[in-house]
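Single-letter residue listing:
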Amino acid sequence: VTLARCRMCPLGWLGVASLCLGTLWAVPAKERKKAEKPKTDLTLYGNLDLDNYDLTLDNYGEILDLSNYEELYDYGDLAPKIEVGTLAPRPKDPKTLPDLGLTTAGTPKLQPPTGAVPGGFPMPRGCFCPPGLPSCLLCLCLGTSVYCDDTDLDHIPALPPDTTYLYARFNRIGAVRASDFTGLEKLKHIDLSSNSISWADEDAFRLLPSLQELLLPENRLTALPELPRSIVRLDARLNRIPSAGLRPEAFRDLKQLQFLHLSDNQLDFIPVPLPESLRSLHLQNNNIQTMHEDTFCDSQDHGQIRRALEDIRLDGNPINLSLFPNAYFCLPRLPTGRFS
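Keep in mind that what you see is a predicted model, and the values were worked out from it rather than measured. (Residues numbered from 1 in each chain as written. Predicted model: local features only at pLDDT ≥ 70, side-chain atom pairs only at ≥ 80, totals over all residues. Heavy atoms only, no water.)

A. Up close: the state of the cysteines. Applying the stated rule across the entire model yields two disulfides. Disulfide pairing places C139 opposite C148 at an S-S distance of 2.0 Å. The sign of the S-S torsion, about 110°, decides the handedness of the disulfide formed by C139 and C148: right-handed. Through a disulfide, C297 is tied to C330; the S-S separation comes to 1.9 Å. On the S-S bond that ties C297 to C330, the torsion sits near -85°, and the link is left-handed. One end of the pair, C297, is in the loop between strand 10 (280–282) and strand 11 (311–313); the other, C330, is in the segment after strand 11, and 33 residues separate them in sequence. Pair check on accessibility: C297 and C330 agree, each one buried. Numbered by order of appearance in the sequence, the disulfide-linked cysteines of the chain pair as 1-2, 3-4. (Disulfide = S-S within 2.5 Å. Helix = DSSP H or I, 4+ residues; strand = E, 2+ residues; numbered from the N terminus. Buried < 20%, exposed > 50% of the residue type's maximum accessible area, 1.4 Å probe, protein only.)

B. Region of the structure containing the pattern of salt bridges. Counted according to the given criterion, the structure contains twelve salt bridges. The closest approach of N and O atoms between E213 and R233, which form a salt bridge, is 3.5 Å. Placement of the pair is E213 in strand 7 (residues 213–215) and R233 in strand 8 (residues 233–235), with a sequence separation of 20 residues. Here the two residues E213 and R233 agree in accessibility, since each one is buried. With a closest N to O distance of 2.9 Å, R237 and D235 form a salt bridge. (Salt bridge = Lys/Arg side-chain N within 4 Å of Asp/Glu carboxyl O.)

C. Representation of the nonpolar core. Judged by nonpolar contacts, the single largest core of 59 residues is most densely connected at F181, I190, F205, F251, M291 and F296. Apart from the residues lying within four places of it in its own chain, the contact partners of I190 are L166, F181, F205, L208, L211, E213, L214 and L215. (Core = buried A, V, L, I, M, F, W, Y, C linked by side-chain atoms within 4.5 Å. Contact = heavy atoms within 4.5 Å.)

D. View of the side chain of N317. Here N317 is to be found in the segment after strand 11. Separated by 2.9 Å, the side chain of N317 and the backbone oxygen of L283 make a polar contact. A distance of 3.0 Å separates the side chain of N317 from the backbone nitrogen of I288, its partner in a polar contact. Those residues in contact with N317 that lie beyond four places of it in its chain are L283, Q284, N285, N286, N287 and I288. (Polar contact = N/O pair within 3.5 Å; in protein donor to acceptor, adjacent residues only side chain to side chain.)

E. Main features of the sheet that holds strand 3 (residues 165–167). In space, the nine strands of this open sheet follow the order 1-2-3-5-7-8-9-10-11, with mixed pairing throughout. Each of the sheet's edge strands pairs with one partner strand only, and the pair in question is strand 1 (140–142) and strand 11. The sheet shows a mean angle of 5° between the axes of neighbouring strands, direction not considered. The pairing of strand 2 (residues 145–147) with strand 3 spans three bridges and is parallel. Bridge pairing in strand 3 links S145 to Y165. (Pairing = 2+ DSSP bridges. Axes fitted to C-alpha atoms, helices over the stretch in contact; angles between N-to-C directions.)

F. Structural context of the packing of aromatic side chains. Tallied over the full model, the rule gives four aromatic pairs. Look at F181 and F205: their rings are 5.9 Å apart centre to centre, the planes differ by 35°, and that puts the pair in the tilted class. Here F181 is found in the loop between strand 4 (175–176) and strand 5 (189–191), whereas its partner F205 is found in the loop between strand 6 (199–200) and strand 7, with 24 residues between them in sequence. Residue classification places F181 among the buried positions, given a relative accessible area of 2%. (Phe/Tyr/Trp six-rings, centres within 6.5 Å; stacked < 30°, edge-to-face > 60°.)

G. Looking closely at unusual backbone geometry. The omega angle of the peptide bond from V272 to P273 is -5°, so this bond is cis rather than trans. Topologically, P273 is positioned in the loop between strand 9 (259–261) and strand 10. Phi is positive for D152, close to 65°, though the residue is something other than glycine. The partly exposed category is assigned to D152, whose relative accessible area is 46%.

H. Here's a closer look at empty space enclosed by the protein. One pass over the structure, following the stated rule, counts three cavities of 30 Å³ or more. If you add up the space inside the second largest cavity, you get close to 60 Å³. In terms of lining, the second largest cavity is formed by L224, P225, E226, L227, G245, L246, R247, A250, F251 and L254. Broken down by class, the residue content of the lining of the second largest cavity amounts to seven nonpolar, one polar and two charged. (1 Å grid on protein atoms, 1.4 Å probe; cavity = no way out; pocket = protein on both sides within 12 Å on 5 of 7 lines; lining within 4 Å. Points joined across faces, edges and corners; volume = space filled by probe spheres on them. Nonpolar A, V, L, I, M, F, W, Y, C, P; charged D, E, K, R; others polar.)

I. Main features of the confidence of the model for the chain. Of all residues in the chain, 60% attain a pLDDT of 70 or more, and the chain-wide mean is 75. Note on residues 29–128: pLDDT is under 50 here. Beyond four places in sequence and across chains, it has 100 contacts. (pLDDT = per-residue confidence, 0-100.)

In structure tokens:
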């Protein structure tokens, strides 16, 4: 028995030795794995200029191009629609605004002025647009564009002198006065769609030297004021304008006018003469019953071709267009309407 036990001792010691070696080997293996874990190479981020990622009102205009804001919106004959993201935010209750006391550093915060800002121009009720921070409660100012959509306005607000685009849709504006746009020599786009405008001063728009687009659909106008010669697009659809509400030869001298949309009014004749620059004439859903042979073409000049005037809408009128075949010989295509 003693001999057998002695023979088994080396095997026992060999097993114990192998367990000890396994335990000793396990610890360095874990440490080795930690040592082999790849470390973050901070030099990879050395070239990132994180300061340039700050979005401020100073660089906002460089990121957003609002110059073609309205060109992307095709009114056509569709029902008016609101594009998400174009409406200015509704004003907050002044009672819920933060207290304009002292900053954490003890420096007095900028207080809203009463009536005018340091830049020298008055702003509308509740609006605060100091130089370098063009923002306010009623309207949203981005660069030289002013957005006053759906803000319950009942008059045109005072605007910064460098305003080029004004959007004041879906409000309660009832009239447009000549003084509303005094001194705005850079203003080139006015959108007053879906208001309650029943009249406008004769000089409300005429004295704006840069005005190119005037949008007045869905109002209550019964007369159209005089327009500046710079106008390119006029949209006065869905109003109450009769032919008597247009000045005689109102569009003759508008040599840059390309889009004239007067559909859904109370016109009983086509407003002639029409400038050679005209490309689109929408007069559908009026009360037009007849036209002259010289309405579109010069009856004495049979070689005349009006290549620009490609879009004429006369559908929805009681006129039979087939009765005036000589009125279309200079046009690239026939007007849209009833031919029987």
